Amino acid sequence: MSGQRVCVADFEEEAGRVLPKAVYDYYRSGADEQRTLADNVAAFNRWCVVPRVLRDVSTVDLSVSVLGQKLSMPLCVAATAMQRMAHPDGEVATARACRAVGTGMMLSSWATSTIEEVMSVMTSSAGSGGVLWLQLYIYKDRALTLSLVKRAEEAGYKAIFVTVDTPYLGRRRDDMRNQFKLPPHLSMSNFSTASLAFSEGDYGNDSGLAVYVAKAIDPSLCWDDITWLKKHTRLPVIVKGVLNGEDAVQAVNYGVDGIVVSNHGARQLDGVPATLDVLEEVVRAVQGRCDVFMDGGVRRGTDILKALALGAKAVFIGRPVLWGLACQGEQGVRELLELLKQELRLAMALSGCHGVSEVTRSLVRRAAFTSRM
């Protein structure tokens, strides 16, 4: 470590120095011109916090219940694929950090650690908290898809987050230029064949992951498949990838247990709205019939606060966790999560909130831009 890490940007700067270029590009980049990638972050600056004063904030409680599980804070770890590219311990290190901090982790279907080994470390590591959920892609092979769900159920995962925005992979120019593929010593560990484990070796001149998705993931996915999935699992089903009120209403009508407002980290379709900009629309559309979460662009404690004020039950982060992992493995992720936790605690205190339930819509206003001419 070259110096003290005092913000998320410090972690990213260090990760950029230690990661191989193709790996850093894969983690960092968005689709096409990456306008939405930048806008996810910029969106938080379009809102101001309007603090209350003289509220006795000598104690501030960040705890929250997410899908029936008590967490130490409303900040959770989103699914990010192939974490052993960032550090040899990969998802195992991330799970240990989540356990220590007392928050939830969404494990990617495309993890480089198995469903079972990640749960094993989550339950055996130091700490008293930590919850695991499975992020699920729907494969053309539906039996294979259900086998992942069954394994998650048997291992003790608490929910299924089904990604609904990836019938095909977005155009990620850096991955195309780098002809991205997994390093030869790694594979997607939850699959037994080379073709499904993303370890065939030669994917031509394209992004290897784009080729993989075109071969394996089902582009015919529709709302009836949510019904199909719910019939085959006893776990809560949350849809991840909703960006408008109409789809949110559809999701509730099909019986989902939650919605993640997400544009896939701006990695699918460039030019879609920043997630913060559509969060309130989705919250209003569901009218309290399910919990709403969000991800995308969260880099500061005040970002979390603003998302909560606009109706998110909890907020997920992806890339910052990878930067922590690349910097220092489990300790790096733990440090990153603790940093954001402390930033959120301070932001809540300085805005006059004793607990998450006091973070309401009145706390934020759209920033006004007035001309000086």
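Whatever comes next refers back to the structure up there.
Scope of this entry: the structure provided in the associated data block. Bear in mind the structure is a predicted one, so any value in this text is a computation, not a measurement.

1. Overview of the overall build of the protein chain
In step 1: The helix and strand tally for the protein chain stands at 13 helices and 12 strands.
In step 2: The C-alpha radius of gyration computed for the protein chain amounts to 20 Å, which stays within 12% of the reference 21 Å derived for 373 residues, consistent with globular compactness.
In step 3: Seen through its C-alpha atoms, the protein chain measures out along the principal axes to roughly 60 × 55 × 50 Å.
In step 4: Expressed as a percentage of its 373 residues, the buried residues of the protein chain come to 57%.

2. Some points on unusual backbone geometry
In step 1: You will see that glutamine 34, though not glycine, has its phi angle at about 65°, which is positive.
In step 2: Its place among the elements puts glutamine 34 in the loop between α2 (21-28) and α3 (35-42).
In step 3: Phi at phenylalanine 198 takes a positive value of approximately 60°, unusual for a residue other than glycine.
In step 4: Within the element layout of this structure, phenylalanine 198 appears in the loop between α7 (173-178) and α8 (208-216).
In step 5: Residue phenylalanine 198 is classed as buried on the basis of its relative accessible area of 1%.

3. Focus on the nonpolar core
In step 1: Counting 118 residues, the largest nonpolar core has Met82, Trp110, Leu209, Tyr212, Ile259, Met294 and Leu337 as the members making the most contacts within it.
In step 2: The element contributing the most residues to this core is helix α13 (residues 319-350), with 15 residues.
In step 3: Formed by 17 residues, the second largest nonpolar core is a distinct cluster that contains Val66, Ala78, Ala159 and Ile238.

4. Regarding empty space enclosed by the protein
In step 1: If you walk through the whole model with that rule in mind, you get 1 cavity of 30 Å³ or more.
In step 2: Empty space within the largest cavity amounts to approximately 440 Å³.
In step 3: Forming the walls of the largest cavity are 31 residues, and the residues nearest its centre are Ala79, Thr80, His264, Gly265 and Arg267.
In step 4: For the lining of the largest cavity, the elements supplying multiple residues, two or more each, are α2, α3, β11 (314-317) and α13.
In step 5: Residue composition of the lining of the largest cavity, grouped by class: 15 nonpolar, 10 polar and 6 charged.

5. Here's the deal with the pattern of salt bridges
In step 1: Across all of its chains, the model carries 21 salt bridges by this definition.
In step 2: Each of Asp39, Arg46, Asp277 and Arg366 takes part in salt bridges that share partners, so that together they form one network.

6. A word on the layout of surface pockets
In step 1: Put simply, the largest pocket is a space of about 220 Å³.
In step 2: In terms of lining, the largest pocket is formed by Val164, Asp165, Leu221, Cys222, Trp223, Ile226, Val239, Gly241, Val242, Leu243, Asn244 and Asp247.
In step 3: At the level of secondary structure, the elements contributing two or more residues to the lining of the largest pocket comprise α9 (223-231) and β8 (237-242).
In step 4: Top contributing element to the lining of the largest pocket by residue count: β8, with 3 residues.
In step 5: Tallied by class, residues from the lining of the largest pocket come to 8 nonpolar, 2 polar and 2 charged.

7. Quick look at the packing of aromatic side chains
In step 1: Per the stated rule, a full pass over the model turns up 16 aromatic pairs.
In step 2: Ring plane angle 20° and centroid distance 4.1 Å describe the contact between tryptophan 110 and tyrosine 137, whose orientation is recorded as stacked. Within this pair, whereas tryptophan 110 is found in the loop between β5 (104-107) and α5 (115-124), its partner tyrosine 137 is found in the loop between β6 (131-136) and α6 (142-155), the two being separated by 27 residues in sequence. Of the two residues, tryptophan 110 and tyrosine 137, neither departs from the other in class, the shared state being buried.
In step 3: Arranged with centres 6.5 Å apart and planes meeting at 80°, the rings of tyrosine 139 and tyrosine 212 form a pair that is edge-to-face. Pair noted here: tyrosine 139 is in the loop between β6 and α6 and tyrosine 212 is in helix α8, with a separation of 73 residues, a long-range link. This pair shows no difference in class: tyrosine 139 is buried, exactly as tyrosine 212 is.
In step 4: Site record: aromatic cluster; members linked through ring pairs are Tyr26, Tyr27, Trp110, Tyr137, Tyr139, Phe180, Phe191, Phe198, Tyr203 and Tyr212.

8. Digging into the packing of α6 against α9
In step 1: Packing of α6 against α9 leaves a shortest axis separation of 11 Å and a crossing angle of 50°. When the interaxial angle is binned, α6 and α9 end up oblique. Considering only the axes of α6 and α9, their crossing is right-handed. Within the contact between the two elements, α6 uses Arg142, Thr145, Leu146 and Val149 and α9 uses Asp225, Trp228 and Leu229.

9. Some words on the pairing of strand β7 (residues 160-163)
Side-chain direction in a regular strand flips from residue to residue, so the side chains alternate between the two faces of the sheet.
In step 1: Side chains of β7 alternate between two faces, with Ile160 and Val162 and Phe161 and Thr163 buried alike.
In step 2: Sheet topology places β6 next to β7; 3 bridges connect them, and they run parallel. Across the sheet, residue leucine 136 finds its bridge partner in β7, namely valine 162.
In step 3: Read as a crossover between parallel neighbours, the route from β6 over α6 to β7 is right-handed.
In step 4: Bridge count between β7 and β8: 4 bridges; the pairing is parallel. Paired with threonine 163 across the two strands is lysine 240, which belongs to β8.

Reading the values: the criteria
Residues numbered from 1 in each chain as written. Predicted model: local features only at pLDDT ≥ 70, side-chain atom pairs only at ≥ 80, totals over all residues. Heavy atoms only, no water. Helix = DSSP H or I, 4+ residues; strand = E, 2+ residues; numbered from the N terminus. Rg over C-alpha atoms; globule rule 2.2 N^0.38 Å. Buried < 20%, exposed > 50% of the residue type's maximum accessible area, 1.4 Å probe, protein only. Core = buried A, V, L, I, M, F, W, Y, C linked by side-chain atoms within 4.5 Å. 1 Å grid on protein atoms, 1.4 Å probe; cavity = no way out; pocket = protein on both sides within 12 Å on 5 of 7 lines; lining within 4 Å. Points joined across faces, edges and corners; volume = space filled by probe spheres on them. Nonpolar A, V, L, I, M, F, W, Y, C, P; charged D, E, K, R; others polar. Salt bridge = Lys/Arg side-chain N within 4 Å of Asp/Glu carboxyl O. Phe/Tyr/Trp six-rings, centres within 6.5 Å; stacked < 30°, edge-to-face > 60°. Axes fitted to C-alpha atoms, helices over the stretch in contact; angles between N-to-C directions. Parallel < 35°, antiparallel > 145°, perpendicular 65-115°, else oblique. Left-handed = near helix turned anticlockwise from the far one by under 90°. Contact = heavy atoms within 4.5 Å. Pairing = 2+ DSSP bridges. Right-handed = clockwise from strand over helix to strand, strands pointing away.

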